[in-house]
Protein chains: 2
Amino acid sequence: MLRGFSIMSTKRRVAIIGSGNWGSTIGKIVGNNVLNLENFEDEVRMWVYEEIVNGKKLTEIINTSHENIKYLPGIKLPFNLIADPDLANCTKDADVLLFVLPHQFLAKACDIIKPVLKSGAYGCSLIKGLDEKPGVGVRLLTDLIRERLQIPCAVLMGANLAGEVSQEMFCEATVASLDLVRGKELKSLFQTPYFRVSVIKDEVGAELCGALKNIVAIGAGLAHGLGYGDNTKAAIIRLGFMEMKKFIFEFFAPLESTFLESCGVADLITTCYGGRNRKIGIALAETEKPVTALEGERLGGQSAQGVLTAAEVYSMLSSKRLDHQFPIFTIIHLICQRKAQADTFISCLRNHPEHL
Amino acid sequence: MLRGFSIMSTKRRVAIIGSGNWGSTIGKIVGNNVLNLENFEDEVRMWVYEEIVNGKKLTEIINTSHENIKYLPGIKLPFNLIADPDLANCTKDADVLLFVLPHQFLAKACDIIKPVLKSGAYGCSLIKGLDEKPGVGVRLLTDLIRERLQIPCAVLMGANLAGEVSQEMFCEATVASLDLVRGKELKSLFQTPYFRVSVIKDEVGAELCGALKNIVAIGAGLAHGLGYGDNTKAAIIRLGFMEMKKFIFEFFAPLESTFLESCGVADLITTCYGGRNRKIGIALAETEKPVTALEGERLGGQSAQGVLTAAEVYSMLSSKRLDHQFPIFTIIHLICQRKAQADTFISCLRNHPEHL
């Protein structure tokens with residue numbers, strides 16, 4: 001296809017904004033997929049926050065050894081996935097912007113992208129979290145993208161622990177896109193024989209499920225740390241799921257069917273049996289240390305998104321005096337803040353509104 | 001309350017038909033609860049299939065040491081729970097019959113109960129399985145009870161691994177009873193601070209969820225045995241859940257809300273992470289032995305209910321040429337029968353109808 005002339009091409013381009021374990025895993029998938037998509041450039045740029053690893057720049061390591069030795073060691077990345085430390089350069093020609101960076105860096109990233117944004121570009125967020133807007137309550141991270149960049153923004157959510165996806169173990173995922181043409185394009189970028197993508201329209205429901213399940217996962221970890229078994233964990237998953245539904249229906253307008261997609265119940269289950277938020281829950285049951293210390297000890301300094309999300313959700317619920325209707329969300333926030341004992345968690349389940 | 005005159009009493013009586021680990025656990029709960037229920041006799045009779053353990057009759061052991069040392073060792077049973085080897089004697093005065101025996105003994109048990117059945121008595125089934133009626137397809141076990149005894153029959157289902165419930169670890173359960181007076185009475189018999197009971201009306205949906213989830217749990221075990229992780233397991237749980245719903249809606253008339261009760265999604269999750277059916281799935285992935293040999297080796301000769309249920313469901317689906325719409329149910333049956341290799345399981349998920 002005259003690849004030497006690709007600089008003149010009208011082919012579409014993807015940029016990946018973020019390069020942690022999930023960003024690098026998606027880089028692997030998308031990098032491989034575009035090689036088989038006629039209407040996409042082979043080159044996929046991935047923005048990497050530059051750091052020095054073993055005396056070398058991480059971008060140089062990725063671009064020469066095709067491995068992200070810091071965040072996804074042992075996984076071969078495609079040769080056409082190019083690490084770029086310059087976010088503006090990485091995104092300036094991109095038609096599809098995949099956001100997969102820690103959510104506290106998102107606003108700043110949008111400000112850098114804004115001046116170079118290509119006309120007609122759209123976003124897709126892979127970030128599982130919420131923003132807090134003073135006076136408004138919780139705000140979707142995609143709304144932050146939509147407002148700052150004035151572009152449409154879909155999401156990719158699902159039961160996708162990055163380590164397992166990078167090893168090509170079978171799983172499902174959900175693309176939620178109001179626009180079905182974009183939904184179909186995103187599916188073509190993401191789907192592989194081991195990563196099966198369903199497309200739905202409910203962007204709001206999918207994104208919120210992805211954020212809220214992290215709170216419930218802390219609860220599953222708490223129960224595990226307190227010595228409870230699979231029955232208790234299933235009860236927490238179910239009651240947490242009901243609170244997720246109730247919260248999303250209370251403040252947003254999702255579709256009922258979204259909750260049974262991979263982004264709903266399946267992601268909730270996976271996160272309650274594996275991942276960082278569950279680990280923090282176990283740690284909260286085992287010690288009395290503050291959560292920041294536990295993130296340092298147990299997560300190598302990475303943050304547990306559910307702690308932040310619980311705080312944002314609690315602030316919204318308590319301002320509207322609805323906290324008693326969401327006992328799981330509420331007690332988990334209080335336990336994370338060390339304002340309640342870990343073992344009060346189970347007693348709050350005994351008289352859950354779902355049992356009345 | 002003049003207990004010496006209880007023989008003259010008009011108080012109500014409960015009989016428990018079955019004394020395995022789940023029957024004995026329920027015996028413990030109900031035995032303790034009736035002591036605080038004014039309208040129930042203290043004495044609860046539990047039918048025990050007589051066997052000799054350590055040179056003594058199991059009924060005598062239970063009635064003197066108040067422990068079922070064979071099926072629920074280490075758990076203290078209430079003094080008022082009386083083991084009875086004579087099924088007719090056990091049930092002749094009972095107003096509430098709790099069925100919790102292996103399903104292959106159910107028809108015979110009904111025939112013994114029939115001549116002594118007290119007028120006005122009703123049943124509640126705790127059995128998680130299906131019956132097969134030639135020419136009709138699958139039949140509910142409660143329909144077998146209803147037809148043979150001509151009594152109403154509710155169910156108790158939920159995310160209730162017996163070992164954990166007997167240790168009083170927090171969990172939820174679902175009573176499904178068309179009649180709400182009976183539903184309320186059953187809740188009073190079952191609920192404790194660690195065993196939280198919700199009452200719904202959908203007897204059919206609850207019973208079928210309890211039976212079908214055992215098939216999916218074999219699939220979760222297969223994935224585990226094949227080396228897959230939590231993402232894959234969550235995909236199997238979700239896709240299996242969708243097949244459960246589709247099957248129940250195809251052949252019966254459940255309520256949508258039942259699937260999110262403890263008897264639905266929560267029981268499914270628990271069974272996919274613990275219990276006998278999952279164990280058989282793991283064994284099926286690890287060896288090529290027939291399932292009966294695996295039940296002997298891995299389950300001490302107990303049967304994995306999901307194997308039988310899968311056969312009954314497959315027979316119904318294939319006779320109606322619907323098997324291709326239920327790839328998980330179908331392949332699991334074929335793997336259980338050793339007509340398909342265990343590793344074909346994952347490939348059948350890649351093009352599941354849910355992904356189209």
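Residues numbered from 1 in each chain as written. Chains lettered and ligands numbered in written order. Predicted model: local features only at pLDDT ≥ 70, side-chain atom pairs only at ≥ 80, totals over all residues. Heavy atoms only, no water.

The name given to chain A in an unreviewed UniProt entry is Glycerol-3-phosphate dehydrogenase [NAD(+)], and the organism recorded there is Schistocephalus solidus. According to its UniProt record, chain A has this under Sequence similarities (unreviewed entry): "Belongs to the NAD-dependent glycerol-3-phosphate dehydrogenase family." Its UniProt record gives chain A the following Catalytic activity (unreviewed entry) comment, quoted word for word: "sn-glycerol 3-phosphate + NAD(+) = dihydroxyacetone phosphate + NADH + H(+)". (UniProt positions renumbered as here; feature names shortened; annotations may be inferred.)

**Considering the nonpolar core**
Judged by nonpolar contacts, the single largest core of 115 residues is most densely connected at Phe247, Phe329 and Phe345 of chain A together with Phe247, Phe329 and Phe345 of chain B. Those residues in contact with Phe247 of chain B that sit more than four places away from it in its chain are Val138, Leu212, Phe252, Val313, Met316, Leu317, Phe326 and Phe329 of chain B. (Core = buried A, V, L, I, M, F, W, Y, C linked by side-chain atoms within 4.5 Å. Buried < 20%, exposed > 50% of the residue type's maximum accessible area, 1.4 Å probe, protein only. Contact = heavy atoms within 4.5 Å.)

**Focus on helix 4 (residues 106–113) of chain B**
Here helix 4 of chain B has its buried residues at Leu106, Ala109, Cys110 and Ile113 of chain B. The buried residues of helix 4 of chain B occupy one face: seen down the axis, they fall within an arc of 100°. (Helix = DSSP H or I, 4+ residues; strand = E, 2+ residues; numbered from the N terminus. Arc of directions from axis to C-beta.)

**Regarding the interface of chain B and chain A**
Each partner contributes to the interface: chain B provides 43 residues, whereas chain A provides 43 residues. Around 3600 Å² of area is buried between chain B and chain A when both sides are counted, 56% of it from carbon and sulfur atoms. Of all residues in chain B, Phe170, Asn231 and Leu260 of chain B give up the largest surface area on contact with chain A, accounting jointly for 22% of the area buried on that side. Where chain B touches chain A, the interface holds four salt bridges. Ionic pairing is found between Glu261 of chain B and Arg238 of chain A, a salt bridge with its closest N-O pair at 3.9 Å. Our count for the chain B to chain A interface comes out at 22 residue pairs in polar contact (both at pLDDT 80 or more). Those elements giving two or more residues to the side of chain B that touches chain A turn out to be helix 6 (162–166), strand 11 (171–176), strand 12 (195–200), helix 9 (230–251), helix 10 (262–273) and helix 15 (344–350) of chain B. For the side of chain B that touches chain A, the element with the highest residue contribution is helix 9 of chain B, accounting for eleven residues. Across the side of chain B that touches chain A, the residue classes tally to 22 nonpolar, eleven polar and ten charged. (Buried area = accessible area lost by both parts, 1.4 Å probe. Salt bridge = Lys/Arg side-chain N within 4 Å of Asp/Glu carboxyl O. Polar contact = N/O pair within 3.5 Å; in protein donor to acceptor, adjacent residues only side chain to side chain. Nonpolar A, V, L, I, M, F, W, Y, C, P; charged D, E, K, R; others polar.)

**Brief notes about the confidence of the model for chain A**
Where the model shows low pLDDT, its predicted coordinates should not be examined in detail. This prediction gives chain A a mean pLDDT of 94; 97% of its residues lie at or above 70. Considering only residues more than four positions removed or in separate chains, one finds that residues 1–6 of chain A, a stretch of pLDDT under 50, has five contacts. (pLDDT = per-residue confidence, 0-100.)

**Notes on unusual backbone geometry**
Unusually for a residue other than glycine, His66 of chain A sits at a positive phi of about 55°. Positionally, His66 of chain A belongs in the loop between helix 2 (58–65) and strand 5 (81–84). At Asn54 of chain B, a position not held by glycine, the phi torsion is positive, near 50°. Assignment of secondary structure puts Asn54 of chain B in the loop between strand 3 (52–53) and strand 4 (56–57). Overall, the relative accessible area of 71% leaves Asn54 of chain B in the exposed class.

**Details of the sheet that holds strand 5 of chain A**
Residue and element names in this part refer to chain A. Taken in spatial order, the eight strands make up an open sheet running 5-2-1-6-7-10-11-12, and their pairing is mixed. Among the strands making up the open sheet, the edge pair consists of strand 5 and strand 12 (195–200). Within this sheet the neighbouring strands show an average axis-to-axis angle of 25°, counted without direction. Helix-sheet contacts for helix 7 (residues 180–190) involve strand 1 (12–17), strand 2 (40–47), strand 6 (96–99), strand 7 (122–125), strand 10 (153–157), strand 11 (171–176) and strand 12, and the interaxial angle to strand 12 is about 175°. (Pairing = 2+ DSSP bridges. Axes fitted to C-alpha atoms, helices over the stretch in contact; angles between N-to-C directions.)

**Comments concerning the packing of aromatic side chains**
All names here are of chain A. Evaluation of the coordinates by the stated rule reveals 15 aromatic pairs over all chains. Ring centres of Phe241 and Phe259 lie 6.2 Å apart, and the angle between their planes is 85°; on these two criteria the pair is classed as edge-to-face. Here the residue Phe241 occupies a position in helix 9 (residues 230–251), and Phe259 occupies one in the loop between helix 9 and helix 10 (262–273), the gap between them amounting to 18 residues. We note that Phe241, like Phe259, is buried. Geometrically, the ring pair formed by Phe247 and Phe329 is edge-to-face, given 6.3 Å between the ring centres and 75° between the ring planes. In this pair, Phe247 is assigned in helix 9 and Phe329 in helix 14 (residues 327–336), connecting sequence segments 82 residues apart. Residue class for Phe329 comes out buried when judged on its relative accessible area of 1%. Clustering of aromatic rings is evident, with ring pairs tying together Phe247, Phe251, Phe326 and Phe329. (Phe/Tyr/Trp six-rings, centres within 6.5 Å; stacked < 30°, edge-to-face > 60°.)

**So, the relation of the copies chain B and chain A**
With an axial shift of 0.0 Å and an RMSD of 0.0 Å, the rotation relating chain B to chain A amounts to 180°. Taken together, these values place the two copies in the relation of a two-fold axis. When C-alpha distances to the rotation axis are compared across chain B, the minimum falls at Ile269 of chain B, with a value of 4.0 Å. Of all interface residues in chain B, 100% are interface residues in chain A too; the two copies therefore contact each other through one and the same surface. (Least-squares fit on C-alpha atoms with pLDDT ≥ 70 in both.)

**Concerning the domain arrangement of chain A**
Residues and elements named next belong to chain A. Split into domains, chain A comes out as domain 1 (12–201) and domain 2 (205–355). Summarising the inter-unit geometry, the C-alpha centres of domain 1 and domain 2 are found 26 Å apart. Across the boundary between the two partners, domain 1 contributes 24 residues, which contact 26 residues of domain 2. Overall, the association of domain 1 and domain 2 removes approximately 2000 Å² of surface from exposure, summing both partners, and the carbon and sulfur fraction of that is 63%. Contact with domain 2 buries surface across domain 1, with Lys128, Leu130 and Val138 losing the most and accounting together for 27% of the total. (Domains from an automatic or database assignment.)

**Structural notes on the environment of Ala283 of chain A**
Residue and element names in this part refer to chain A. By secondary structure assignment, the location of Ala283 is in helix 11 (residues 276–286). The spacing of Ala283 and Leu226 is 57 residues in sequence and 9.9 Å in space, taken between C-alpha atoms. Among all residues touching Ala283, those that are not within four sequence positions of it are Leu294, Arg298 and Arg338.

**What to know about helix 9 of chain B**
The end-to-end C-alpha distance of helix 9 of chain B, which contains 22 residues, comes to 31 Å, matching closely the 32 Å that a straight helix rising 1.5 Å per residue would cover. Here helix 9 of chain B lies mainly inside the structure; 18 of its 22 residues are buried. (Expected span 1.5 Å × (residues − 1).)

**Quick notes on the UniProt feature "binding site: substrate" (unreviewed entry) in chain A**
Residue and element names in this part refer to chain A. With numbering aligned to this structure, UniProt lists the feature "binding site: substrate" (unreviewed entry) at Lys128, Arg276 and Asn277. The named residues occupy 150 residues along the chain; their greatest pairwise C-alpha distance, 12.5 Å, places them in one compact cluster. One can find Lys128 in the loop between strand 7 and strand 8 (130–133). On the basis of relative accessible area, Lys128 is assigned to the buried category, the value being 16%. Of the polar contacts made by the side chain of Lys128, one reaches the backbone oxygen of Gly158; its length is 2.8 Å. Within the secondary structure, Asn277 is located in helix 11.

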